[in-house]
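Summary of the model geometry
Here is what each chain is made of, one letter per residue.
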Amino acid sequence: MRASIRLLAAVSRDPPSKLKKPAISLDHFIQRGRVLAFWREIVRALNKIPPSATRNELHDYARHEFERHREVTDLAHIRYLLSTGKSEFETMRRYIDEQAAG
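The following refers to the structure shown. Fair warning: this is a prediction, and the values are worked out from it, not measured in the lab.

The rules behind the values
- Residues numbered from 1 in each chain as written.
- Predicted model: local features only at pLDDT ≥ 70, side-chain atom pairs only at ≥ 80, totals over all residues.
- Heavy atoms only, no water.
- Helix = DSSP H or I, 4+ residues; strand = E, 2+ residues; numbered from the N terminus.
- Buried < 20%, exposed > 50% of the residue type's maximum accessible area, 1.4 Å probe, protein only.
- Contact = heavy atoms within 4.5 Å.
- Areas by Shrake-Rupley, 256 points an atom, 1.4 Å probe, with all protein chains shown as cover.
- Expected span 1.5 Å × (residues − 1).
- Bend = angle between axes of the 7 residues up to and from the residue.
- Salt bridge = Lys/Arg side-chain N within 4 Å of Asp/Glu carboxyl O.
- Axes fitted to C-alpha atoms, helices over the stretch in contact; angles between N-to-C directions.
- Parallel < 35°, antiparallel > 145°, perpendicular 65-115°, else oblique.
- Nonpolar A, V, L, I, M, F, W, Y, C, P; charged D, E, K, R; others polar.

A short note on the overall build of the protein
If you tally the helices and strands in the protein, you get 4 helices and 0 strands. Walking the protein from its N terminus toward its C terminus, one meets helices and strands in the order α-α-α-α. Per-residue burial for the protein yields a buried fraction of 18% across its 102 residues. Restricting to contacts in the protein with at least 6 residues of sequence separation, those with at least 24 account for 72%. Accessible surface, the protein: about 8300 Å² in total, of which carbon and sulfur atoms supply 56%.

Structural data, given as structure tokens:
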């Protein structure tokens, strides 16, 4: 009985502090939500294109850009990247709409 209680106590302890991720600020949390929403918007738009090499290439490009900037923490830089990404996506969306229609 005592061994099981010790095991339960060991499992329920908090992990070491070095394993915990630091809490993010509210501004970072909001920007993270905006970035994720933008990613979902891109994926939904690309899914309108019939399966093709072009669709895969566009998806890979978008994913690469998101991954390339994954570690950015400066809020001004995140806002800038989101703004320029949306501008670039609007240009790409015209092409996507043509591909989806044709």
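On we go.
A short note on helix α4 (residues 75-101)
If you check α4, its first and last C-alpha atoms are 37 Å apart, about what 27 residues at 1.5 Å a residue would give, namely 39 Å. Remark: the principal bend of α4, roughly 25°, maps to Met92. All of the buried residues in α4 are Leu75, Ile78, Leu82, Gly85, Phe89, Met92, Arg93 and Ile96. Lining the buried residues of α4 we find α2 (26-46) and α3 (53-68).

A word on the pattern of salt bridges
Going through the model one piece at a time under the given rule, you end up with 4 salt bridges. Of the charged contacts, one joins Glu41 and Arg93 as a salt bridge, the two residues approaching to 2.6 Å between their closest N and O atoms. Taken as a pair, Glu41 in helix α2 and Arg93 in helix α4 lie far apart in primary sequence, 52 residues in all. Accessibility expressed as a relative area gives 30% for Glu41, which makes it partly exposed. Across the salt bridge formed by Glu90 and Arg93, the nearest N and O atoms sit 3.7 Å from each other. Residue Glu90 and its partner Arg93 are located together in helix α4, separated by 3 residues, close to a single helical turn. Here the salt bridges share partners, and the residues they tie into one network are Glu41, Glu90 and Arg93.

A look at the packing of α3 against α4
Helix-helix packing: each pair is described by the crossing angle between the helix axes and the interaxial distance. Between α3 and α4, the shortest axis-to-axis distance is 13 Å and the interhelical angle comes to 170°. Here α4 runs roughly antiparallel to α3, going by the angle between their axes. Side by side, α3 and α4 meet where Thr54, Leu58 and Tyr61 of the first sit next to Glu88, Met92, Tyr95 and Ile96 of the second. For the contact of α3 with α4, the class distribution of residues is 5 nonpolar, 1 polar and 1 charged.

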